[in-house]
Amino acid sequence: MFNKILIANRGEIAVRIIRACKEWGIATVAIHSDVDKNSMHVRLADESVCVGTHQPANSYLNIPTIMSAIELTNAEAVHPGYGFLSENAEFAKILEDYKIKFIGPSSKLIKMMGDKIQAKVIAKKYGLPVIEGSEGGVSDLKEAKKIIQNIGFPILIKAAGGGGGKGMKVVNKEEEFENLFLTAKLEAKKFFGNDEVYIEKFFQNPRHIEVQILSGKNRTIHLHERDCSVQRRHQKLIEETPSPILTDELRNELFEKTVRMVSQIGYEGAGTVEFIYENNKFYFLEMNTRVQVEHPVTEVVTGIDIIKEQINIAFNGNTSLKQEDIKPRGHAIECRINAEDASKNFQPSPGTIGMCHQPSGFRTRVDGAIYQGYKVTPYYDSMICKLICHGRNRTEAIQRMKRSLDEFVIEGIQTTIELHKKLLDHEKFISSDFNVSWLDKEKII
Amino acid sequence: MEIDKKIILKLVQTLEDLKKSLKEIGINSKDESEVEEIEISGTVVKSPIVGTAYLAPEPGGKKFIEMGKKIKKGETIMIVEAMKTMNHVPSPSDGIIKEISVEDGQPIEFGQKLIILE
């Protein structure tokens with residue numbers, strides 16, 4: 001096994017990775033910016049190196065100083081966490097060149113799946129359904145009519161040069177298409193000086209569903225799905241597994257197709273394939289070639305430590321798990337606790353944490369990096385910790401989450417705890433009758 | 001004789017840094033009142049939020065404001081980023097930029113002086 005791993009990240013995910021390393025007796029190196037010198041990840045790691053000033057570009061994204069930190073500490077591998085350099089193909093390539101193991105897929109695969117257009121082509125080639133639409137701008141009616149044959153209604157027409165909703169048309173029936181297409185073209189010309197429009201499928205009630213993958217040279221397995229449809233401005237707020245709205249038949253088809261695609265591209269490591277789900281159909285969105293924020297819900301239902309398995313695959317090249325080892329039990333929910341004031345349009349709320357009491361108890365997990373007296377700075381993401389609750393079924397998971405949220409005390413800053421309490425009591429959440437734009441349309445607090 | 005305003009800014013900054021470090025070890029600076037007196041007349045625009053100041057909309061881009069240039073009420077003076085949220089700081093009135101008190105990328109506190117308008 002590796003003797004020493006450098007964690008190129010901060011906050012709760014850095015703490016999460018250090019915990020996994022410690023359990024396996026792997027020495028850890030934390031890197032940090034000047035303002036993070038008192039952070040939890042720095043305190044828990046065996047060694048720490050300050051790599052720059054508060055701005056991410058000067059520290060957590062600063063490849064030359066991170067390379068120096070690796071050399072100084074003789075780390076053998078780098079765990080990038082999520083965000084920052086986790087999907088930076090250039091960073092992975094530099095590490096490959098210097099024979100330092102990047103805990104994740106090869107730089108080639110990161111680059112391939114990081115390019116959204118290329119990823120879509122690959123997904124389609126290996127049999128995943130993609131969001132059909134025009135490849136580029138269209139202005140010819142005949143060409144447009146040919147394209148819509150593959151999409152299915154409703155269809156969205158939007159100006160190629162546009163934005164802000166101008167020149168956007170939703171077409172519900174084929175009869176309406178010609179008329180609306182010509183109007184959209186006219187508007188596009190008027191507002192943006194270019195009559196080209198994009199044509200794509202329009203989603204009225206989309207859910208976000210993703211499949212967790214672990215893949216080695218020997219085999220690819222899936223760890224079932226996560227439903228992350230409670231979002232605000234495309235940022236996930238609550239994630240759960242299993243999805244309350246999928247049938248087993250659809251689920252199994254999705255797993256089979258996803259595993260086939262990931263194994264055929266020769267992927268190594270943990271990854272997530274994200275989909276839009278609507279009306280019993282899936283559409284490939286993108287692949288995240290890293291660990292995700294919401295990985296704990298999968299961990300608690302499957303009993304698999306995803307971070308350790310990432311490290312294992314990085315070291316051995318193979319996964320030690322078989323598909324039959326994955327038997328999820330019960331239901332898990334994660335609430336993201338952000339330093340934001342939900343009553344003031346989610347305004348960031350940095351500051352010093354006063355009293356801090358984190359919930360615990362049966363099947364209750366907190367992944368965080370906060371403590372009493374910790375200063376939440378304004379320089380990084382507002383997510384300060386995550387609360388994960390496991391139940392025999394969804395009802396029990398919700399009951400446990402509500403109990404845990406009630407125990408949670410974070411004084412000195414505003415957090416999303418109160419919002420989560422309201423969401424978990426909301427009839428739309430309880431009946432799982434919502435889509436990804438729910439919180440953008442309805443005011444909860 | 002022309003006095004380079006940058007040097008004054010730097011001196012004020014150094015003094016503030018010194019005061020901050022003194023405060024951290026529990027010594028209160030006595031000449032706080034003297035510093036206040038140096039302030040030039042005009043409208044002081046303060047930061048509405050703690051964060052990182054950006055003088056241009058993108059790295060290397062054209063700056064929102066320039067010394068000595070006119071600005072209209074409501075126009076953006078600078079961006080203060082807090083937790084990945086970009087907050088545009090609007091000008092409270094029409095005026096001329098007399099002083100830019102922060103540097104691009106500088107961390108700033110709530111209520112810290114950003115610019116002086118005249």
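The preceding data block contains the structure.
Reference entry: report on the structure contained in this document. All of these numbers come straight from a predicted model, not from anything done at the bench. (Residues numbered from 1 in each chain as written. Chains lettered and ligands numbered in written order. Predicted model: local features only at pLDDT ≥ 70, side-chain atom pairs only at ≥ 80, totals over all residues. Heavy atoms only, no water.)

A closer look at the overall build of chain B
Basically, it comes down to this: The numbering of helices and of strands both runs from the N terminus, where a helix is a DSSP run of H or I of at least 4 residues and a strand a run of E of at least 2. Each residue gets one of three labels from its accessible area relative to the maximum for its type: buried under 20%, exposed over 50%, partly exposed in between, using a 1.4 Å probe on protein chains only. Should any heavy atoms of two residues lie within 4.5 Å, those residues are counted as being in contact. Only the protein chains shown count as covering a residue, and every accessible area follows the Shrake-Rupley method with a 1.4 Å probe.
Within chain B, the regular secondary structure consists of 2 helices and 8 strands. When the helices and strands of chain B are read in sequence order from the N terminus, they spell out α-α-β-β-β-β-β-β-β-β. Relative to its full complement of 118 residues, chain B shows a buried share of 31%. For chain B, the share of sequence-separated contacts (at least 6 apart) that also reach a separation of at least 24 residues comes to 59%. For chain B, the accessible area works out to roughly 8100 Å², and carbon and sulfur atoms hold 56% of it.

Describing the interface of chain A and chain B
Which entries qualify depends on this criterion: A 1.4 Å probe defines the accessible area here, and the buried area is the portion of it lost by two parts on being joined, summed over both. A carboxyl oxygen of Asp or Glu within 4 Å of a side-chain nitrogen of Lys or Arg is what we treat as a salt bridge. Gly is placed with the polar residues, together with every amino acid not listed as nonpolar (Ala, Val, Leu, Ile, Met, Phe, Trp, Tyr, Cys and Pro) or charged (Asp, Glu, Lys and Arg).
Taken together, the contacts link 13 residues of chain A with 12 residues of chain B. Note on chain A versus chain B: buried area summed over both sides is about 1000 Å², and carbon and sulfur give 64% of it. Of all residues in chain A, the largest losses of buried area upon contact with chain B belong to Pro348(A), Pro378(A) and Tyr379(A), amounting jointly to 46% of the total for that side. Between Asp381(A) and Lys84(B) there is a salt bridge, and its shortest N-O distance comes to 2.8 Å. In terms of residue class, the side of chain A that touches chain B is made up of 7 nonpolar, 5 polar and 1 charged.

Quick notes on the sheet that holds strand β13 (residues 281–288) of chain A
Residue and element names in this part refer to chain A. Selection rule: Any two strands with at least two DSSP bridges between them are considered paired. Lines fitted to the C-alpha atoms define the axes, with helices restricted to the stretch that makes contact. Angles between their N-to-C directions range from 0 to 180 degrees.
Judged by pairing direction, the sheet is antiparallel, and its 8 strands sit side by side in the order β13-β12-β9-β10-β11-β14-β21-β19 without closing on themselves. Edge positions in the open sheet fall to β13 and β19 (364–368), since each of these has one partner strand only. The sheet shows a mean angle of 25 degrees between the axes of neighbouring strands, direction not considered. Relative to strand β14 (residues 331–338), strand β11 (residues 235–241) runs antiparallel, the two being bridged by 4 bridges. Considered in β14, the bridge of Glu239 is made with Glu334. Here helix α12 (residues 394–407) sits on the sheet and contacts β11, β14, β19 and β21 (383–391); the angle it forms with β21, its principal contact strand, is near 140 degrees. Across the face of the sheet, helix α13 (residues 417–425) comes into contact with β10 (220–232), β11 and β14 while running at roughly 145 degrees to β14.

Structural notes on the nonpolar core
Residues and elements named next belong to chain A. Heads up, the rule is: Buried Ala, Val, Leu, Ile, Met, Phe, Trp, Tyr and Cys residues form a nonpolar core when they are joined through side-chain atoms within 4.5 Å.
Counting 40 residues, the largest nonpolar core has Ile410 and Phe429 as the members making the most contacts within it. If sequence neighbours within four positions are ignored, Phe429 has contacts with Val230, Ile238, Glu240, Ile333, Arg394, Ile398, Leu423, Leu424, Phe434 and Trp438. Residues Ile7, Ala77, Ile103 and Ile304 belong to the second largest nonpolar core, which totals 30 residues.

Digging into the sheet that holds strand β5 (residues 101–102) of chain A
Residues and elements named next belong to chain A. Strands sit in the order β3-β2-β1-β4-β5 across an open sheet of 5 strands; the sheet is parallel. The two strands at the open ends of the sheet, each matched to only one other strand, are β3 (47–52) and β5. Relative to strand β1 (residues 4–7), helix α1 (residues 11–23) is tilted by about 175 degrees, and along the sheet it contacts β1, β2 (27–33) and β4 (77–79).

Digging into the pattern of salt bridges
Residue and element names in this part refer to chain A. Under the defined criterion, the tally for this structure stands at 40 salt bridges over all chains. For the salt bridge of Glu240 with Arg394, the shortest nitrogen-to-oxygen distance reads 2.7 Å. Remark: Arg394 occurs in helix α12 and Glu240 occurs in strand β11; sequence separation between them is 154 residues. By the burial criterion, Glu240 is buried, and Arg394 matches it. Glu442 serves as the salt-bridge partner of Lys428, at 2.7 Å between the closest nitrogen and oxygen.

A short note on the packing of α12(A) against α13(A)
Residue and element names in this part refer to chain A. Our working rule: Note on angle classes: values under 35 degrees are labelled roughly parallel, values over 145 roughly antiparallel, values of 65 to 115 roughly perpendicular, and the remainder oblique. Left-handed describes a crossing in which the near helix is turned anticlockwise from the far one by less than a right angle; the clockwise case is right-handed.
In the contact formed by α12 and α13, the axes pass within 10 Å of each other and the chain directions differ by 155 degrees. In terms of orientation, α12 lies roughly antiparallel with respect to α13. Relative to α13, the crossing made by α12 is left-handed. Along its contact with α12, which presents Ile398, Met401, Lys402, Leu405 and Asp406, the element α13 presents Ile417, His420, Lys421, Leu424 and Asp425.

Thoughts on unusual backbone geometry
Residue Pro154(A) is reached from Phe153(A) by a cis peptide bond, and omega for that bond is -5 degrees. Mapped onto the secondary structure, Pro154(A) falls in the loop between α7 (141–148) and β6 (155–159). Residues Thr241(A) and Pro242(A) are joined by a peptide bond in cis, for which omega reads -5 degrees. Mapping Pro242(A) onto the fold places it in the loop between β11 and α9 (248–264). A positive phi angle, close to 65 degrees, is found at His234(A), a residue other than glycine. Even without being glycine, Met83(B) reaches a positive phi, approximately 50 degrees. Within the element layout of this structure, Met83(B) appears in the loop between β4 (76–82) and β5 (85–90).

A few points about the environment of Gly351(A)
Residues and elements named next belong to chain A. Position of Gly351 relative to the elements: it lies in strand β17 (residues 351–352). C-alpha of Gly351 to C-alpha of Pro80: the two residues are 271 residues apart in sequence and 27 Å apart in space. Other than its neighbours up to four places away in sequence, Gly351 contacts Tyr374, Lys375, Val376 and Ile413.

What about the environment of Ser263(A)?
Residues and elements named next belong to chain A. Counting through the fold element by element, Ser263 comes out in helix α9. On the basis of relative accessibility, which here comes to 37%, the residue Ser263 falls in the partly exposed class. Measuring from C-alpha to C-alpha, the distance between Ser263 and Gln399 comes to 38 Å, with 136 residues separating the pair along the chain.

Remarks on the environment of Ile413(A)
Residues and elements named next belong to chain A. Within the secondary structure layout, Ile413 lies in the loop between β22 (409–410) and α13. C-alpha separation for the pair Ile413 and Val15, spaced 398 residues apart in sequence, amounts to 21 Å. Apart from the residues lying within four places of it in its own chain, the contact partners of Ile413 are Ala339, Ser349, Pro350, Gly351, Thr352, Ile353, Val376 and Ile384.

None of the figures reported here should be taken as evidence of function without further support.
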